[in-house]
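# Residue-level structure breakdown
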Amino acid sequence: MSLGELLPITLSNELPAITRQPLDNGVVLRWVAEGVLRVDPPLPGTWHLLLSAGVHGNETAPVELLDRWLRRIVAGEIVPRHSLMLMLGNPAALRAGTRYVEQDMNRLFNGAHLQSPGLEGRRAARLERLASAFFEGATAGLHYDLHTAIRRSRFEKFALYPWQPDRSLPDAEYLRLAVAGMQAVLSHERPGHTFSAFTSQIPDVESFTLELGKARPFGANTGLDTAAFEQAITALSEAREMATHPDLALPPRMRAASSLIKLSDAFRFHLDDEVETSNHWHRARSLRWTARGVGTSSTTGPTFSSLTQTWQSDSALD
Ligand SMILES: [Zn+2]
């Protein structure tokens, strides 16, 4: 099987027959680890692009997108001029068709896996090592960690910018996101344990969690339009900047006003299906909500009904 079959190989839970595959145009594919492929251009470049998907195993659209995109590289249709790494984040969950097997992996980065040495904890630690090693050889780089949302959102496609001290969203990255079809850019205001929060600490690497639509099973993503995003990563990989045009919609920049922190497995957050994820992002009110179990939830400030209008929950946003 060609290494361009990264997704089928990963879903079959087998090792590829080869681990290095040069293409006729000089591009070289290398199997790095389960679900992880490195693509090097004919002439070595110093800017590196990491694209990850499937950190949540039920969010299949970005996984299918990377699969399609990789096949275009193997066919010679796209000739990268930068080094790329493609990662399928949680192969066990992808095979099971579930968000995770034991634990939500996108809460286990930035060292949180040290307290959670299970399947997802070990995988998060491995992805951290592989991402660090990939960017070590770069002068600068970019990481897009691709997701889809569980819940319908006012913005179908949006970017989350991890918090780092003394850093704000660069205009060049903001424009790239606009061209890639993102309809909003939300900056976090405190440290996180997501994959993009981990890579955002690497010097000269910008990273984002991107939400590309609603989560659906494999094969059910045909309604999702990711053309602009695919064009954007193609241009990035080929060292072209996509031209902005006068009628390009500039996405609003927002800050996370509140977080919902689950402290107990017994905690359930009930929302009507009609409530949208980002319904009231514009409300800049602070909210603290802690829950230690069903029936003993407490909140300071707004009541539950106003909470449903201001909420922004980690589980729904990345
Ligand atoms: Zn996700």
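Structure report, in brief. (Residues numbered from 1 in each chain as written. Predicted model: local features only at pLDDT ≥ 70, side-chain atom pairs only at ≥ 80, totals over all residues.)

Moving on: the pairing of strand S7 (residues 158–161). Going residue by residue along S7, you find Phe158 and Leu160 tucked away on one face and Ala159 and Tyr161 tucked away on the opposite face as well. When S7 meets strand S9 (residues 205–214), the two strands line up antiparallel, connected through 3 bridges. Its bridge partner being in S9, alanine 159 is matched across the sheet by leucine 210. Both S7 and strand S8 (residues 185–187) contribute to a ladder of 3 bridges, which runs parallel. For alanine 159, the partnering residue across the bridge sits in S8 and is valine 185. (Buried ≥ 20, exposed ≤ 12 C-beta atoms within 10 Å, placed from the backbone. Helix = DSSP H or I, 4+ residues; strand = E, 2+ residues; numbered from the N terminus. Pairing = 2+ DSSP bridges.)

Strand order across the open sheet formed by 10 strands is S1-S2-S3-S5-S4-S6-S9-S7-S8-S10, with mixed pairing between neighbours. On the outer flanks of this sheet lie strand S1 (20–22) and strand S10 (253–255), each paired with one strand and no other. Here the strands of the sheet are splayed against their neighbours by 20 degrees on average, with no regard to which way each runs. One ladder, built from 5 bridges, connects strand S2 (residues 28–33) with strand S3 (residues 36–40); its direction is antiparallel. (Axes fitted to C-alpha atoms, helices over the stretch in contact; angles between N-to-C directions.)

A large share of strand S6 (residues 140–149) lies buried, amounting to 9 of its 10 residues. Sheet analysis places strand S4 (residues 47–53) next to S6, joined by 7 bridges and oriented parallel. For histidine 48, the partnering residue across the bridge sits in S6 and is glycine 141. The pairing of S6 with S9 spans 8 bridges and is classified as parallel. Of the residues in S9, the one forming a bridge with alanine 149 is lysine 214.

If you look at the biggest cluster of nonpolar residues, it comprises 65 residues, and the most contacted ones within it are Leu6, Leu51, Leu66, Leu86, Ala159, Met182 and Val185. Residue contributions to this core peak at 7 residues, all from helix H2 (residues 61–74). Once you skip the residues sitting within four places of it in the chain, leucine 6 turns out to touch Leu37, Asp67, Leu70, Leu86 and Leu88. (Core = buried A, V, L, I, M, F, W, Y, C linked by C-beta atoms within 7 Å. Contact = placed C-beta atoms within 7 Å.)

Moving on, we get to the environment of leucine 70. Tracing the backbone shows leucine 70 in helix H2. Other than its neighbours up to four places away in sequence, leucine 70 contacts Gly4, Leu6 and Leu86.

Turning next to H2. Spanning 14 residues, H2 covers 20 Å between terminal C-alpha atoms, matching the ideal 20 Å at 1.5 Å per step. Across the 14 residues of H2, 10 count as buried, placing the element largely inside the fold. Within H2, burial applies to Ala61, Pro62, Val63, Glu64, Leu65, Leu66, Asp67, Trp69, Leu70 and Ile73. Phi for glycine 76, located one or two positions after H2, is positive at around 85 degrees. (Expected span 1.5 Å × (residues − 1).)

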